[in-house]
Amino acid sequence: EATGSVSLPCSCFNDGVCQDGTCVCPEEWVGPLCELVNFCEASIYTESIAGGILKNLTFPRIIVGRYSSSVEKCEPHTVNGNHSKAIRMCTRVGKTPILQHPQILNCHETLDSLASQVETADFSNISAIASNTQILTSTPHRLTTQSISTAANIAVNILRKPNISTDSQASTSVMATVSQLLDANETEFNHNNLSDVTASLTRTMEEFSLTSNITKSNIAIQSVPLKLNSSTILFFAQQYTELGYLLSTKLEIQENVPGLNEDLNTEVQILLNIMNNNNGRAGFVLYQNSKFFKSRIYKSHRSFSKRIVSGSIDGGRTSGVELAFSPKYNTSEFQLRDHACVFWDYDTNDWSTTGCTKGRDQFLRCKCNHTTNFAVLMTFQIKYKYAKPLEYISYIGIGLSMAGLVITMLFQIVTRKTRKSSITWMLVSLCFSMLIFNIIFISGIENRNARNYGSDTTSYEQQYHPYDATDNTLLTSDLVDPPADPWCTAVAVLLHYFLLATFMWTALNSAQLYLLLLRAMQPLPGRFIVTMSVVGWGIPAMIVAITFGVTYREGKALNYRQEEFCWLAALDENHNFSMEKPMLWSFLLPVALILLFNFIIFIDITVSVIWKDNKNLTRNKKDSFMKRVIGTTSTVVVLGITWTVGYLMLINQEETSLIFSYMFCILNCTQGLQICILYTFRSPIFKKKVSEVFLVFSMPEIPVYLHSKIYYVSKSHLAKHVKETFRPSRTVSEDVSSSTLSKC
């Protein structure tokens, strides 16, 4: 394996994990060494209610920057029965987490009742409506499409109230509500009836951004008055990665700057070029994700962060906008392949690239003629860990197996008449399917994409490209498959077929051995060879055809095969073994049934034939034992029993799995060679042929004598006499009656 750069070790506190020389902290701790507290302890707040009665509100531990709900619930008879009665937020002052005062819910209010009040509510009641709305949306994963729509409409009506920015409590509650909506389940935003509501909300947020400065976990708005001499204004944000949410101290606005900020720690920035400045104001909105901007064209399949930034000017015009994004994603799993500069077109309620160009260096850069709701759409490709080329030892082992299979087939065919008793067709079919599998495996198992992408260490954002309008096309997905490789798909299909055929022929060999050795007095069924051929080649073809037809689609070859190498798909997108992938139901399951059948026949043959005790046997016991061992080994090899070791590789224990992996490779890469040694090289006919060709070369024969009895029953012999003789034999698989084998 390739050796990566060595990172210095780090000493992390509070269960922090050192990765690549940096401490990765649990959410309760932050700091370079996870040494800073990032939570407020569990607390009890005493609430004074009517009549001077005191009531406690209990809150669990709260992470900084988040709200938590009280343990106490509304009374069951109220409309909000069993809903938390209050929420409380944990903030930070310097390095110290601080608890804010709780916000208490009116248990008799619902989102629908609040929506009916907000339009006619006077300024004095707005804060209560905003606070109750925030509490009712404080559990985002429970929000439905309807509740999101209602809460968004309430937020719009509040933000449109005159001078609402002067009511800091109401403004903060509304922004908290909007932030919570952005945490709702992605699927709830897929309904078309939300598009008009979210469009209204985002437009209202742009107007509100001209007068306020508020930052919440998923949204931030900043505003600044423009000076008469202002020609440019830059807004940029840096994420405090230890906390994972936006902080106001990391948002900044600068005027009259020459260009974009080149600081690599800046994650998103927007530069407005101002014309006709009339002492107006500039406002900016930054969304942490794109849930309010659901596209019908661009589909998201992964949780990649797609920040949206918007700039607005009141009392002036812009001659253009420049943007730069520094994308953050898991570089160990995904690689950026392309990006597009877009803005949200309210006329079509979708992304558009009109008037935008893109470029890239250390940032993903954009230039646009518009000012609002910009984003960089990105498309990623999984960083596949392509299989390394086969080692020389693999080539040697498979090469010897292929040579052995060719020799075995030629020997079985050429000496068929000489041997008279033979299992030629069955063994030749097994060797042929195994040979073709090995040829395809050694020449095509490696995916050709590995040469193009396996060593691609230069990330997309590190490549320099000038601004280009023609290349700025709207992307359709955030995740793309690697380039299609029909060759790899064809290889996977052929490997699937010939390996299944190999196992099928081991099962048919198993069935034939059973008939010949355990049912020797009965002839083989009629048209035996034709039937076996249809089964041996036809059933694997049916399995492969059904599997390919069910899983393969144009442009979705990875439903059938893997990308790392040309074989059946087995893992899901999280790299876990999937029951839905074809590896299980179209290969492992059929092979397991075949191996189980072969194992049962193997046990029967071993006990009833090979290792059956014979008290009349007078042959040397040591010689007999060795012959039985060789006979057992021959049966194991031809029935493919050694493939059961492959299932032991699935044991979830590294050392054990590694041992079985080596055993599997050694036993099965040389299976063809084993067949050649046991069924060809040890044959007396082969030894004789070799000795005729090479008179100098002589292979000593180790005869094994099988005991036989001849019974004489005649008038002159009233008693039964037994004549015991021994005759030399080859392997167990060839020691069968010539009368039954001649039919093969």
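Residues numbered from 1 in each chain as written. Predicted model: local features only at pLDDT ≥ 70, side-chain atom pairs only at ≥ 80, totals over all residues. Heavy atoms only, no water.

- As annotated in an unreviewed UniProt entry, the protein carries the name AGRG7 protein and is attributed to Nothocercus nigrocapillus.
- In the Subcellular location (unreviewed entry) part of its UniProt record, the protein is described as follows: "Membrane". (UniProt positions renumbered as here; feature names shortened; annotations may be inferred.)

1. What to know about the overall build of the protein
1) Next: Assigned secondary structure in the protein consists of 18 helices and 28 strands.
2) Next: Considering the protein as a whole, with its 744 residues, one finds that 48% of them fall into the buried category.
3) Next: When contacts within the protein are restricted to residue pairs at least 6 apart in sequence, those whose partners lie at least 24 apart make up 70%.
4) Next: When the accessible surface of the protein is split by element, carbon and sulfur atoms take 57% of a total near 37,500 Å². (Helix = DSSP H or I, 4+ residues; strand = E, 2+ residues; numbered from the N terminus. Buried < 20%, exposed > 50% of the residue type's maximum accessible area, 1.4 Å probe, protein only. Contact = heavy atoms within 4.5 Å. Areas by Shrake-Rupley, 256 points an atom, 1.4 Å probe, with all protein chains shown as cover.)

2. Section: the packing of aromatic side chains
1) Next: Under the criterion given, the structure shown has 17 aromatic pairs.
2) Next: Taking 5.7 Å as the distance between ring centres and 85 degrees as the angle between the ring planes, the aromatic pair formed by tryptophan 29 and phenylalanine 39 counts as edge-to-face. In this pair, tryptophan 29 is assigned in strand E3 (residues 29–30) and phenylalanine 39 in strand E5 (residues 39–40), connecting sequence segments 10 residues apart.
3) Next: On the basis of relative accessibility, which here comes to 7%, the residue phenylalanine 39 falls in the buried class. (Phe/Tyr/Trp six-rings, centres within 6.5 Å; stacked < 30°, edge-to-face > 60°.)

3. Concerning the UniProt feature "transmembrane region" (unreviewed entry) in the protein
1) Next: Per the UniProt record, "transmembrane region" (unreviewed entry) is annotated on residues 392–411, 423–445, 494–516, 528–552, 587–611, 632–651 and 657–681.
2) Next: In the segment residues 494–516, helix accounts for 100% and strand for 0%; the C-alpha atoms at its two ends are 32 Å apart.

4. Brief notes about the pattern of salt bridges
1) Next: Applying the stated rule across the entire model yields 10 salt bridges.
2) Next: A salt bridge links lysine 358 to aspartate 338, with the shortest nitrogen-to-oxygen separation between them at 2.8 Å. Here aspartate 338 lies in strand E21 (residues 334–345) and lysine 358 lies in strand E23 (residues 356–360), a separation of 20 residues in the sequence.
3) Next: Here the salt bridges do not stand alone but share partners, grouping Glu262, Asp361 and Arg365 into one network. (Salt bridge = Lys/Arg side-chain N within 4 Å of Asp/Glu carboxyl O.)

5. Section: unusual backbone geometry
Only a minority of non-glycine residues have a phi that is not negative, and only a minority of peptide bonds are not trans.
1) Next: Phi at aspartate 15 is positive, roughly 65 degrees, even though this residue is not glycine.
2) Next: Notably, asparagine 82 is not glycine yet its phi reads approximately 70 degrees, a positive angle.
3) Next: By the element assignment, asparagine 82 lies in the loop between strand E9 (67–69) and strand E10 (86–93).
4) Next: With a relative accessible area of 56%, asparagine 82 lands in the exposed category.

6. Observations regarding the sheet that holds strand E22 (residues 350–352)
1) Next: Reading across from one edge, E13-E14-E18-E19-E25-E21-E22 is the order of the 7 strands in this open sheet, with antiparallel pairing throughout. Among the strands making up the open sheet, the edge pair consists of strand E13 (214–215) and E22.
2) Next: Relative to strand E25 (residues 374–382), strand E19 (residues 308–314) is paired through 2 bridges, and the arrangement is antiparallel. Paired with isoleucine 308 across the two strands is alanine 375, which belongs to E25.
3) Next: Relative to strand E14 (residues 219–225), helix H4 (residues 168–181) is tilted by about 135 degrees, and along the sheet it contacts E13 and E14.
4) Next: Sheet strands touched by helix H5 (residues 195–208): E13, E14, strand E18 (281–287) and E19. Its angle to E18, the strand with the most contacts, is close to 140 degrees. (Pairing = 2+ DSSP bridges. Axes fitted to C-alpha atoms, helices over the stretch in contact; angles between N-to-C directions.)

7. Brief notes about the state of the cysteines
1) Next: Scanning all chains against the criterion turns up 7 disulfides.
2) Next: Paired by a disulfide, cysteine 25 and cysteine 34 hold their sulfur atoms 2.0 Å apart. As the torsion about the S-S bond is roughly -90 degrees, the cysteine 25-cysteine 34 disulfide counts as left-handed.
3) Next: In this model, cysteine 341 is linked to cysteine 366 through a disulfide, with the two sulfur atoms separated by 1.9 Å. Across the disulfide from cysteine 341 to cysteine 366, rotation about the S-S bond amounts to roughly -80 degrees, and the bridge is consequently left-handed. Note that cysteine 341 is positioned in strand E21 and cysteine 366 in strand E24 (residues 364–368), a separation of 25 residues in sequence. As far as burial versus exposure is concerned, cysteine 341 and cysteine 366 are alike and both buried.
4) Next: In this model cysteine 431 remains outside any disulfide bridge; the closest cysteine sulfur is found in cysteine 676, 8.6 Å from its own.
5) Next: Owing to a relative accessible area of 0%, cysteine 431 belongs among the buried residues under this scheme.
6) Next: In this structure cysteine 676 comes out as buried when scored by relative accessible area, which is 0%. (Disulfide = S-S within 2.5 Å.)

8. Some thoughts on H5
1) Next: Under the 1.5 Å per step criterion, the end-to-end length of H5 is 20 Å for 14 residues, consistent within 8% with the ideal 20 Å.
2) Next: All buried positions along H5 are accounted for by Val197, Thr198, Ala199, Leu201, Thr202, Thr204, Met205, Glu206 and Phe208.
3) Next: Each element contacted by the buried residues of H5 is listed here: helix H3 (145–159), H4, E13, E14, E18 and E19. (Expected span 1.5 Å × (residues − 1).)

9. A closer look at the nonpolar core
Soluble, globular proteins show a tendency: their nonpolar side chains are buried together.
1) Next: Membership of the largest hydrophobic core comes to 54 residues, with the highest contact counts inside it found for Ile158, Met205, Tyr287 and Phe292.
2) Next: By residue number, the principal contributor to this core is H3, which donates 8 residues.
3) Next: Two domains each provide a minimum of three residues to this core, namely domain 2 (109–190) and domain 3 (213–382).
4) Next: With sequence-adjacent residues up to four places away left out, isoleucine 158 is seen in contact with Val118, Ile126, Ile129, Ala130, Ile164 and Val174.
5) Next: With 34 residues, the next largest nonpolar core counts Phe235, Phe325, Phe374 and Ile382 among its residues. (Core = buried A, V, L, I, M, F, W, Y, C linked by side-chain atoms within 4.5 Å. Domains from an automatic or database assignment.)

10. A closer look at the packing of helix H1 (residues 111–118) against helix H2 (residues 123–136)
Helix-helix packing: each pair is described by the crossing angle between the helix axes and the interaxial distance.
1) Next: Viewed as axis vectors pointing N to C, H1 and H2 meet at an angle of 155 degrees, and their least axial separation amounts to 10 Å. Regarding the angle of H1 to H2, the classification is roughly antiparallel. In this structure, the crossing between H1 and H2 has a hand that is left-handed. In contact with Leu111, Leu114, Gln117 and Val118 of H1, H2 contributes Ile126, Ile129, Asn132, Thr133 and Leu136.
2) Next: Among the residues forming the contact of H1 with H2, the class breakdown is 6 nonpolar, 3 polar and no charged. (Parallel < 35°, antiparallel > 145°, perpendicular 65-115°, else oblique. Left-handed = near helix turned anticlockwise from the far one by under 90°. Nonpolar A, V, L, I, M, F, W, Y, C, P; charged D, E, K, R; others polar.)

11. Some thoughts on the side chain of threonine 415
1) Next: Looking at the secondary structure, you find threonine 415 in the loop between helix H6 (392–414) and helix H7 (416–419).
2) Next: Threonine 415 gets classed as buried once you look at its relative accessible area, which sits at 4%.

12. A look at a nonpolar patch on the surface
1) Next: Where nonpolar side chains cluster on the molecular surface, the patch consists of Val406, Leu410, Ile413 and Val414 and spans about 380 Å² of accessible area.
2) Next: Note on valine 406: relative accessible area 33%, which makes it partly exposed. (Patch = residues over 30% accessible without salt bridge, like charges linked within 9 Å, V, L, I, M, F, W, Y side chains within 5 Å.)

13. Looking at the packing of helix H8 (residues 424–444) against helix H11 (residues 528–551)
1) Next: Close contact between H8 and H11 brings their axes to 11 Å; oriented N to C, the two are set at 20 degrees. Classified by the angle their axes make, H8 and H11 are roughly parallel. Here H8 runs over H11; the crossing is right-handed. Contacts between H8 and H11 involve Trp425, Met426, Ser429, Phe432 and Ser433 on the former and, on the latter, Phe528, Ile529, Met532, Ser533 and Trp537.

14. Notes on the pairing of strand E11 (residues 96–99)
Taken residue by residue, a regular strand's side chains alternate between the two faces of the sheet.
1) Next: The pairing of E10 with E11 spans 4 bridges and is antiparallel. Paired with threonine 91 across the strands is isoleucine 98, a residue of E11.
2) Next: In this antiparallel pair of consecutive strands, E10 and E11, the connection spans 2 residues, and glycine 94 shows a positive phi of 70 degrees.

15. What to know about the pairing of E10
1) Next: Of all 8 residues in E10, 6 are buried; the element is thus mostly enclosed.
2) Next: Of the strand pairs in this sheet, E10 and strand E12 (residues 103–104) are connected by 2 bridges, and their pairing is antiparallel. Paired with isoleucine 87 across the two strands is glutamine 103, which belongs to E12.

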